[in-house]
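Observations on chain architecture
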Protein chains: 4
Amino acid sequence: MTLTRSDIKASAEELEQFQQGLQHLSVSALWANQGPVSRSPGGSIEPRPRAVPHVWHWLDLRPQALRAAELVGTQQAERRVLQLKNPAFSDRSVTTNTLFAGIQIVMPGEVARAHRHTMAALRFIIESEGGYTNVDGEPVPMLPGDLVLTPNWAWHDHANDTGAPMIWLDGLDAPLVRMLEAAFQEDFPQERQALSAARGLSQIRYGAGALRPAGEPPAVRHSPLMHYAWADTQDALDRLAEVDEGSPYDGLIMEYTNPVDGGSVMPTIACFAQRLRPGERTAAHRHTSSTIYHVVHGNGYSIVGGHSLNWQDKDTFCVPNWTSHQHVNLSETEPAYLFSFSDIPVLRALDLLREEPVPGEWG
Amino acid sequence: MTLTRSDIKASAEELEQFQQGLQHLSVSALWANQGPVSRSPGGSIEPRPRAVPHVWHWLDLRPQALRAAELVGTQQAERRVLQLKNPAFSDRSVTTNTLFAGIQIVMPGEVARAHRHTMAALRFIIESEGGYTNVDGEPVPMLPGDLVLTPNWAWHDHANDTGAPMIWLDGLDAPLVRMLEAAFQEDFPQERQALSAARGLSQIRYGAGALRPAGEPPAVRHSPLMHYAWADTQDALDRLAEVDEGSPYDGLIMEYTNPVDGGSVMPTIACFAQRLRPGERTAAHRHTSSTIYHVVHGNGYSIVGGHSLNWQDKDTFCVPNWTSHQHVNLSETEPAYLFSFSDIPVLRALDLLREEPVPGEWG
Amino acid sequence: MTLTRSDIKASAEELEQFQQGLQHLSVSALWANQGPVSRSPGGSIEPRPRAVPHVWHWLDLRPQALRAAELVGTQQAERRVLQLKNPAFSDRSVTTNTLFAGIQIVMPGEVARAHRHTMAALRFIIESEGGYTNVDGEPVPMLPGDLVLTPNWAWHDHANDTGAPMIWLDGLDAPLVRMLEAAFQEDFPQERQALSAARGLSQIRYGAGALRPAGEPPAVRHSPLMHYAWADTQDALDRLAEVDEGSPYDGLIMEYTNPVDGGSVMPTIACFAQRLRPGERTAAHRHTSSTIYHVVHGNGYSIVGGHSLNWQDKDTFCVPNWTSHQHVNLSETEPAYLFSFSDIPVLRALDLLREEPVPGEWG
Amino acid sequence: MTLTRSDIKASAEELEQFQQGLQHLSVSALWANQGPVSRSPGGSIEPRPRAVPHVWHWLDLRPQALRAAELVGTQQAERRVLQLKNPAFSDRSVTTNTLFAGIQIVMPGEVARAHRHTMAALRFIIESEGGYTNVDGEPVPMLPGDLVLTPNWAWHDHANDTGAPMIWLDGLDAPLVRMLEAAFQEDFPQERQALSAARGLSQIRYGAGALRPAGEPPAVRHSPLMHYAWADTQDALDRLAEVDEGSPYDGLIMEYTNPVDGGSVMPTIACFAQRLRPGERTAAHRHTSSTIYHVVHGNGYSIVGGHSLNWQDKDTFCVPNWTSHQHVNLSETEPAYLFSFSDIPVLRALDLLREEPVPGEWG
């Protein structure tokens, strides 16, 4: 039997009539509604991310955060957060397709009340003289550059017992969890949890390098370590810089890990710290994961999807999925330090992770 | 220091002004746009799925599939598929939030051309006297009740070398992959792939019960077995029914597995075959995963989110995520057989899987 | 500083004196007692297995088994087993360094009493018209060619409710478990366990190809499937032979698997079924694992460590670790079928598995 | 059919004759040679370890090590090691059944030549003013209290470029690897490897707490971190002591981990650091794994299998498998610090790990 594609030509009118007849059955003709997918001449399709590259400057954000603290209390705003909203979206609270970034401020004497949710969150501290997040009863320190985790379904409240404002970058997988319609949230019965554990407990137990309490670790899917101090992180990068070149695309880059299994800190979010040598210019690549970068210290720019994003200390910028990016450290004398978080564990778990080099602005 | 939630009352006007001032910075006040999330009095939030329960009856679908075959060729329609479109969505081609189901028809002598994509697909055969899907060169048989996999990035074309129409249920994770903006697709250089492997090859290698070729299995994340024959499946259920009661929520239910690791058949889709005893009425539960059911054989109804969905042979119905469901086999003499596929591996991988019993229509 | 190996020459007498002085401290000079390890000129050491290749012929074993049944009852002999004792060992009950093989016989009306032990065992049935092993209450059928598991710490008794003797090959990891001094054993309070589960239960639940009961599998480290029927095994090999060439060293070889994780049937023993084409002569290799072969059907020989071992139906032979081996099917018309079990999972788990081709008797 | 154990009584003579007749077949009657296993009245068997508890005192060992250095050079002794030989064994070089401990000394200017073997080794440094082990080209520092790994098949030579002797505790799985007849060894072509990597490289890459170079880790089964510095270890224990009570059996105990997967440092050996509070007396337990302890600092005793073993700084003692043990810190003011290594990963991998509390000398 000769097998081939068939060529049956109904009139446009017949087809239209057919399609209309399907509507009351909650059925539609697949071939008729494939409009939004554009295919190249060779028939290939690839992702066209809706999110756009964007940088948010600390010089803009800081005054607004302080102004917000004057205008609303933590009574009205359960979380006093300025959302870094991707310019391409008016309908969804997202920074990239799957990730959310915001600037949260807690003033002296204030508490952001205790709750928990299935959205996994991280906090990267920008300004603080102390203060803490209470995670399941453990006060986790928050000093500038520290990474603090509040994983899926962990109770958490944020408290500022210092005399200065605390400001940090919030990172969440909320856009992903909302897309998956898997968002649960609960309020803690009281405003604050009691402090039932020692300050820095998880750091003492699980942050001691390649040593951990013997025996079975806690049966959770996220890192049991809630606190990654910046001093250690920068030190690790600086020491590594003396012996390693790093990757052409990322420079020197280290991943924050779950000490129990060596994997990403949470099942939906991976965190990274990166060091660009003075004058370094990285090569361009892209991947199906998206990333939000925060400049811990440095002065440079990134070319993201053809846009040049200038950055300095404490700026935040996003690299949407499948978007080319490369970084430049403009200083000829100082390294630049970037913190970033990404949805790479999601893409990897679902076997959807791809990465490729792309021609960049330079060799 | 007394720590408490602060209560600062700016005027509505001030707040409005503040929020407007943020817009040009691509920033917005999180507390101002949390409208769509409704919280219960106790402050808790849970998913409110947008998809609604729905059943598509074979008596409606079959004539439309045959009519489609008269109207369009596989030249015009790369895939001649009637999409089972969830009534709640006009903007997305989805059956549940993450899954797609459709009815595909290939007529005698026809080929649906070779392509591949990152969307993982399965085919559950409804009508066929033979025919095959060519997966990476291997002709995989398609007889009624068979499950055929065409995983992420496997080349596949469908060919009907028999004298009768072939009709099957398509199941894909396309809504999920599109949400994640990770859809890649390519056309094969020719209309059809050469048949380079033996018919039933993967079944011979990996379908022989708890035996498989010694040595390293193929380094893929999905099942290397592409074909699960219905005769074996029904036999397995019938034999299990003689010794097991099954679950109160699902009756007797077996999962199709990846023989290499015992896990789900693909990283994003799990498949199940289920047997309801004559007269069986299952208890109600719900979970964050969504499911699409196809009635292989039987006569009954399911109560899904309060809606009664009547079903008979070859009907298809959907149970959205976090929606209560329970099943009834109306026959007092015959078992009912349901095939289903779900996104449970996605929820599990991301630590977002929850399940709970709910009060149902009966005890 | 120049670093080099030092050359200090004490007199033989001084050294002897030193070594004697150490004895009362339970200390000895390592360099003085490395006698038994012989090193090649280039300084390399490799394993020199103590076990030797050997074949046990069924024609010899069967009469002795029947005679044993006349001489001792299962009262005296908790297990009436003829041990296939490697000729190189007089001090240990071993067939290879880590594995034990024996011929066990249970006569009509007899029971071999219920016990359990940490030694993992398998039974490969040679003669039987029925009968069963009761594993944790489940009667597991024992027909010729069947593989039956009685894993670490499973209660088991063997019962012959037929009119003919049952004879099978026992395979255990007892030499390994004894070397590790980890042997525990307990008698069941009664002579026999009650039959509390359906005949063939585990086969019904876990033997249905790539389908298994949905939900969490039993939390054990071994296969939950206790019975692998020979009819299925030979069928799988014969079908595979139509499409695959097999390996140059093993011919067509399939591994019996744990359906829950796709791994070996038990953590210490892997089982294999093998088919040699008429006239097939395999190439030589060796590996750090050892293997015991049983000829299900066939007529041939194997060259093992330079020794030619002739075999026919129901013979058993051993291939010690790191010993070259290759097989010949002498029949020009019939395939030969070999069952085998090995300690390969042990070597793999401990990162001690090595394999290499070696020059054999032919090309 | 009545099934029961049969009672056939052959004469002792007949049995003897039968057994003799089996010998030329390399067969023996299992029931006749089960002598060495003694069973309790209830029929149960449990391990009776051959190794005995023993302590080796530093005050004895140190002079002998220095004397050895006078008598033999590293030309004659490839490794100048005093083996801590379990008193129960005259035929095997073992400290416990599966583990070896020794005292190795390398004098100023000396090198212990480069080789590699499948036996996995660790070094716990007792005396040193510097010096290093060159592991695959990386000089790994060796200061008192440091743990250094030289895993299975890693090239290694030891060099003393300081003015003082270096003495350390060697720990190996050699008894296990020899039992498994899987020992391979090779000499490096030269006396020493070139120093091709930076001093402390693995520590820089993989020792930075819960941070590691992003991307795929090295594809090895052991820790890529070769060096665990004592200063960090003691600090981790002291900090943990402020927040945790520890286990009743072990006091505060931490495991050295493989940072890539969170598991034991090597597939056959796990390492631990332990802190006993002033005056602490632990409860008694036993397990199927065996352990070798080294006293980093402290003054106390352990009751092991009924024997009291007194220990002070730098003493070494062994706890055989399945032998009760409990520890006492005799100081009322100072904590005691113990390093230990064990074969627990072996027992766990093979599903042979058991642990139980036992009645001890006190409450």
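The following refers to the structure shown. (Residues numbered from 1 in each chain as written. Chains lettered and ligands numbered in written order. Predicted model: local features only at pLDDT ≥ 70, side-chain atom pairs only at ≥ 80, totals over all residues. Heavy atoms only, no water.)

Topic: the interface of chain B and chain C
Across the contact, 30 residues belong to chain B and 30 residues belong to chain C. On the chain B side of the interface with chain C, the three residues burying the most area are B:Ile204, B:Ala210 and B:Leu211, jointly 23% of the side's total. For the pair chain B and chain C, the interface holds two salt bridges. A salt bridge links C:Asp244 to B:Arg205; its shortest N-O distance comes to 2.6 Å. Elements represented by at least two residues in the side of chain B that touches chain C include exactly α4 (201–206), β13 (211–213), α5 (230–241) and β15 (252–256) of chain B. Within the side of chain B that touches chain C, the residues separate by chemical class into 19 nonpolar, five polar and six charged. When β13(B) meets strand β15 (residues 252–256) of chain C, the two strands line up antiparallel, connected through three bridges. Following the sheet pairing, B:Pro213 is matched in β15(C) by C:Met254. (Contact = heavy atoms within 4.5 Å. Buried area = accessible area lost by both parts, 1.4 Å probe. Salt bridge = Lys/Arg side-chain N within 4 Å of Asp/Glu carboxyl O. Helix = DSSP H or I, 4+ residues; strand = E, 2+ residues; numbered from the N terminus. Nonpolar A, V, L, I, M, F, W, Y, C, P; charged D, E, K, R; others polar. Pairing = 2+ DSSP bridges.)

Quick word on the sheet that holds strand β12 (residues 185–187) of chain D
Sheets are built from strands that pair by backbone hydrogen bonding, the pairs being arranged parallel or antiparallel. All names here are of chain D. Taken in spatial order, the five strands line up as β8-β7-β10-β5-β12 in an open sheet, and their pairing is antiparallel. Strands at the two margins of the open sheet, each flanked by one partner only, are β8 (138–141) and β12. Neighbour-to-neighbour, the strand axes of this sheet turn through a mean angle of 30°, independent of strand direction. Examined bridge by bridge, strand β7 (residues 132–135) and strand β10 (residues 156–159) share four bridges and lie antiparallel to one another. Paired with Thr 133 across the two strands is His 158, which belongs to β10. (Axes fitted to C-alpha atoms, helices over the stretch in contact; angles between N-to-C directions.)

Looking at helix α5 (residues 230–241) of chain D
All names here are of chain D. An ideal rise of 1.5 Å per residue puts 16 Å on twelve residues; α5 measures up with 16 Å between its terminal C-alpha atoms. Residues of α5 that are buried: Trp 230, Thr 233, Ala 236, Leu 237 and Leu 240. Down the axis of α5, the buried side of the element spans an arc of 130°, and every buried residue falls inside it. (Expected span 1.5 Å × (residues − 1). Buried < 20%, exposed > 50% of the residue type's maximum accessible area, 1.4 Å probe, protein only. Arc of directions from axis to C-beta.)

Some points on the relation of the copies chain C and chain D
In the superposition of chain C on chain D (RMSD 0.0 Å, axial shift 0.0 Å), the rotation amounts to 180°. Taken together, these values place the two copies in the relation of a two-fold axis. Nearest to the rotation axis, the C-alpha of C:Ala349 is located 3.2 Å from it, this being the minimum over chain C. The overlap is high: 100% of the interface residues of chain C also sit at the interface in chain D, so the same surface is used on both sides. (Least-squares fit on C-alpha atoms with pLDDT ≥ 70 in both.)

Notes on the arrangement of the chains
Without any contact between them, chain A and chain C keep their closest C-alpha atoms 15 Å apart. The two units chain B and chain D remain apart, with a minimum C-alpha distance of 15 Å.

Quick notes on the packing of helix α1 (residues 12–23) of chain C against helix α2 (residues 58–71) of chain D
Contact pair α1(C) / α2(D): the axes reach a minimum separation of 11 Å and the direction vectors enclose 165°. Overall, the two elements α1(C) and α2(D) adopt an arrangement that is roughly antiparallel. For the pair α1(C) and α2(D), the crossing hand works out as left-handed. Facing α1(C), whose interface residues are C:Glu14, C:Leu15, C:Phe18 and C:Leu22, α2(D) presents D:Gln64, D:Arg67, D:Ala68 and D:Leu71. Residue classes in the contact of α1(C) with α2(D) are distributed as five nonpolar, one polar and two charged. (Parallel < 35°, antiparallel > 145°, perpendicular 65-115°, else oblique. Left-handed = near helix turned anticlockwise from the far one by under 90°.)

Here's the deal with the relation of the copies chain B and chain C
At an RMSD of 0.0 Å, chain B and chain C line up after a rotation of 180° and a shift of 0.0 Å along the axis. Most of the interface of chain B is mirrored in chain C, where 100% of its interface residues are also at the interface.

Details of the pairing of strand β16 (residues 270–276) of chain D
Residues and elements named next belong to chain D. Of all seven residues making up β16, seven are buried, and the element is well covered by its neighbours. The alternating pattern of β16 places Ala 270, Phe 272, Gln 274 and Leu 276 and Cys 271, Ala 273 and Arg 275 on opposite faces, both of which are buried. Pairing between β16 and strand β23 (residues 336–342): seven bridges, direction antiparallel. When the bridges of β23 are listed, Arg 275 appears paired with Tyr 337.

Let's talk about the packing of aromatic side chains
Counted under the stated rule, the structure contains 44 aromatic pairs over all chains. Consider the rings of A:Trp311 and A:Phe317, whose centres lie 6.3 Å apart with planes at 0°: the pair is stacked. You'll find A:Trp311 and A:Phe317 in the same group, each marked buried. Ring geometry for C:Tyr228 versus C:Tyr256: centroids 5.4 Å apart, planes at 90°, classification edge-to-face. Pair noted here: C:Tyr228 is in strand β14 (residues 227–228) and C:Tyr256 is in strand β15, with a separation of 28 residues, a long-range link. Taken individually, C:Tyr228 and C:Tyr256 each receive the classification buried, so the pair is uniform in this respect. Connected via pairs of aromatic rings, a cluster forms that spans A:Phe124, A:Tyr228, A:Trp230, A:Tyr256, A:Tyr337, A:Phe339 and A:Phe341. When the ring centre of A:Trp153 is taken as origin, the NZ or CZ atom of B:Arg354, which lies over that ring, is 3.9 Å away. (Phe/Tyr/Trp six-rings, centres within 6.5 Å; stacked < 30°, edge-to-face > 60°. Lys NZ or Arg CZ within 6 Å of the ring centre and 35° of its normal.)

What about the pairing of strand β9 (residues 147–150) of chain D?
Residues and elements named next belong to chain D. Judged by which residues are buried, β9 turns out to be covered on both faces: Leu 147 and Leu 149 on one side and Val 148 and Thr 150 on the other are all buried. In this sheet, β9 lies alongside strand β6 (residues 121–127) in antiparallel orientation, the contact comprising four bridges. Counted as the bridge partner of Arg 123 is Val 148 from β9. As defined by bridge partners, β9 adjoins strand β14 (residues 227–228) across two bridges and the pair is classed as antiparallel. From the neighbouring strand, Val 148 faces β14, where its bridge partner is His 227.

Considerations on the interface of chain C and chain D
Listed as interface residues are 100 residues of chain C and, on the opposing side, 100 residues of chain D. The largest contributions to the chain C side of the interface with chain D come from C:Leu3, C:Arg5 and C:Glu181, which together make up 10% of the buried area. At the junction of chain C and chain D, the tally comes to two salt bridges. Taking the shortest distance from any N to any O, the salt bridge between C:Arg5 and D:Glu191 comes out at 3.3 Å.

A word on the environment of D:Gly262
Residue placement: D:Gly262 occurs in the loop between β15 (252–256) and β16. In this structure, the C-alpha to C-alpha distance between D:Gly262 and D:Met119, residues 143 residues apart in sequence, is 22 Å. Apart from the residues within four sequence positions on either side, D:Gly262 is in contact with A:Arg212, A:Pro259, A:Val260, A:Asp261, A:Gly262 and D:Thr257.

Some words on unusual backbone geometry
Of note in the backbone geometry, C:Ser26 takes a positive phi value of approximately 55° without being a glycine. Tracing the backbone through its elements, the reader meets C:Ser26 in the loop between α1 and β1 (27–29). Look at D:Glu181: it is not a glycine, yet its phi comes out positive at around 50°. Note that D:Glu181 resides in the loop between α3 (174–179) and β12.

With respect to the sheet that holds strand β18 (residues 291–297) of chain B
Strand order in the open sheet formed by seven strands is β2(B)-β21(B)-β18(B)-β23(B)-β16(B)-β15(B)-β13(C), and the pairing between neighbours is antiparallel. Among the strands making up the open sheet, the edge pair consists of β2 (54–56) of chain B together with β13 (211–213) of chain C. Averaged over all pairs of adjacent strands, the angle between strand axes in this sheet comes to 25°, irrespective of strand direction. In the packing of α5(B) onto the sheet, the strands contacted are β15, β16 (270–276), β18 and β23 (336–342) of chain B together with β13 of chain C, and the crossing angle to β15(B) comes to about 140°.

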